[in-house]
Amino acid sequence: MNILITGGAGFIGSNFAIYMINTYPEDRFVILDKLTYAGNLENLKGVEDAGNYKFVKGDITDPVLLQKVFKEEAINTVVNFAAESHVDRSITGPAEFIDTNIVGTFTLLEAARKSWQERSSMEGVRFLHVSTDEVYGSLGKTGLFTETTPFSPNSPYAASKASSDHLVRAYHHTYGIPVVTTNCSNNYGPYQFPEKLIPLMVLNAFKGKPLPVYGDGKNVRDWLYVEDHCRAIDLALRNGRLGETYNVGGNNEWKNIDIVNLLCTQVDEACASDTELSGKYPFKGSRKELITFVKDRPGHDMRYAIDSTKISEELGWSPVESFETGLKKTIDWYINNEPWWERILSGEYARYYESQYGTGL
Ligand code: NAD
Ligand code: DAU
């Protein structure tokens, strides 16, 4: 396969690219990424010498570039991660979400359609669209999102992803493009940009800074280790039924406040067991004292929870990482990769943060 991975320098995209490049040396990979604030070529350092991978800096809203890449690289498989992904940013600046998530997905579908319709058949081509459980809206105390739950997106981010999901579906129905869509819950793990809950809390906990919990901290998310998500996408790509969507989740619901408490305990323990670390990140007492309840996110969805029965029964997928071990691995990764996040915290993101929140990071 000649696989185009868009957004492959971001959090999940780079984890997926590394997984795929190492797992399938016989396939060829082209990673196309605009390198926005969230894209980082350092994420791909581990595979830069792999003979089966090429990086292209580019924008999925650019039809000329996409046409060139499809032609020159004989792309027969697309995995679309490229997106603006942070809900808070979609509230303060939705325009980029409309451009990338909606227009970008449309432009990519058009490039695939034009390129693949020149073939004698759609045999051997595939478009996998990576989406989110946020398209389904918010749950009350009970219930789970299934693939037939009606879309009810609440944030500009969720609405832009829902729109992209509809376009993908329509390109299958109208043009016969072989598509599969996955809708996944909250991911965590290595290379996650430190604006998201888990890395933000871990890094602030290291530094003894306030841990800002939105509202009362009782909102619930279903957390999945990123590698489990990557395996699910790989299975859906290879064996998923065309035109279908697959929900992917960790069966691992947590209130935000409980996660933050757990992270505090794990960071305290990591520092207590390592004198070098406790010297670098000194803190007296429990880091739980740093928890600060702050103004809630506007329109904050209360609860997400996924029913993964379909992908589990049809494709044999289930998560393998436990939350305890996954969080520990994640914290260790941030401990061992300080230059990665220090560069982020001292660059463009620091200026963005100051302009949004009026204080430094
Ligand atoms: P991320 O923000 O870490 O990475 C997004 C990547 O897309 C970055 O490398 C960025 O440079 C690139 N990009 C942005 N605009 C682009 C454009 N116009 N053209 C080309 N590249 C562009 O995001 P993530 O958390 O890795 O999410 C990846 C995908 O998975 C997204 O589609 C997101 O909606 C979906 N998803 C994320 C989660 C999660 O918990 N993070 C859960 C479910 C689904
Ligand atoms: O559900 C899948 C989605 O999960 C993905 O589609 C998104 O791309 C991804 O960003 C994530 O969205 P969330 O809004 O759930 O993730 P975030 O890490 O921003 O927030 C998780 C929860 O923690 C949410 O209820 C808001 C809360 N939160 C977040 C931050 C950044 C806080 O309480 N404090 C914070 O500082």
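Draft legend 1. A look at the nonpolar core. Membership of the largest hydrophobic core comes to 73 residues, with the highest contact counts inside it found for Val 79, Ile 198 and Phe 206. With near-sequence residues (within four places) excluded, Val 79 lies in contact with Ile 3, Leu 4, Ile 5, Thr 6, Phe 16, Leu 128, Val 130, Ile 233 and Leu 237. Ile 75, Leu 108, Val 168 and Ile 177 belong to the second-largest nonpolar core, a separate cluster that totals 23 residues.

Draft legend 2. Expanded view of the packing of helix α4 (residues 95–116) against helix α5 (residues 156–175). Running from amino to carboxyl end, α4 crosses α5 at an angle of 15°, the nearest separation of the two axes being 8 Å. Taken together, the axes of α4 and α5 lie roughly parallel to each other. By crossing handedness, the relation of α4 to α5 is classed as right-handed. Contacts between α4 and α5 involve Phe 97, Asn 101, Ile 102, Thr 105, Phe 106, Leu 109, Glu 110 and Arg 113 from the first element and Tyr 157, Ser 160, Lys 161, Ser 163, Ser 164, Leu 167, Val 168, Tyr 171 and Tyr 175 from the second.

Draft legend 3. Seen up close, the site of ligand 2. Taken together, 23 residues sit near ligand 2, with Thr 132, Asp 133, Tyr 157, Arg 297 and His 300 positioned nearest. The separation between an oxygen atom of ligand 2 and a polar main-chain atom of Ser 85 is 2.7 Å. Contacts to ligand 2 include Glu 134, whose side-chain N or O atom sits 2.9 Å from an oxygen atom. When ligand 2 sits alone it has 690 Å² of accessible area, and the protein chains cover 94% of it. Looking at the shell around ligand 2, the elements that each hand over two or more residues are α6 (197–207) and β8 (211–214). In the shell around ligand 2, the residues fall into 10 nonpolar, 7 polar and 6 charged.

Draft legend 4. How the structure looks around the pairing of strand β1 (residues 2–6). Most of β1 is tucked away, with 5 of its 5 residues classed as buried. Residues Asn 2, Leu 4 and Thr 6 point to one face of β1 and Ile 3 and Ile 5 to the other, with burial holding for every one of them. Here β1 runs beside strand β2 (residues 28–33); their pairing, made up of 5 bridges, is parallel. The residue bridging Thr 6 from the neighbouring strand is Leu 32, located in β2. In this region the chain leaves β1, passes through helix α1 (residues 11–23) and returns to the parallel neighbour β2; the handedness of that crossover is right-handed. Summarising the sheet, β1 and strand β4 (residues 77–80) pair through 4 bridges and their orientation is parallel. Bridge pairing in β4 places Thr 6 opposite Asn 80.

So, how was this worked out
Residues numbered from 1 in each chain as written. Chains lettered and ligands numbered in written order. Predicted model: local features only at pLDDT ≥ 70, side-chain atom pairs only at ≥ 80, totals over all residues. Heavy atoms only, no water. Core = buried A, V, L, I, M, F, W, Y, C linked by side-chain atoms within 4.5 Å. Buried < 20%, exposed > 50% of the residue type's maximum accessible area, 1.4 Å probe, protein only. Contact = heavy atoms within 4.5 Å. Axes fitted to C-alpha atoms, helices over the stretch in contact; angles between N-to-C directions. Helix = DSSP H or I, 4+ residues; strand = E, 2+ residues; numbered from the N terminus. Parallel < 35°, antiparallel > 145°, perpendicular 65-115°, else oblique. Left-handed = near helix turned anticlockwise from the far one by under 90°. Near = heavy atom within 4 Å. Polar contact = N/O pair within 3.5 Å; in protein donor to acceptor, adjacent residues only side chain to side chain. Areas by Shrake-Rupley, 256 points an atom, 1.4 Å probe, with all protein chains shown as cover. Nonpolar A, V, L, I, M, F, W, Y, C, P; charged D, E, K, R; others polar. Pairing = 2+ DSSP bridges. Right-handed = clockwise from strand over helix to strand, strands pointing away.

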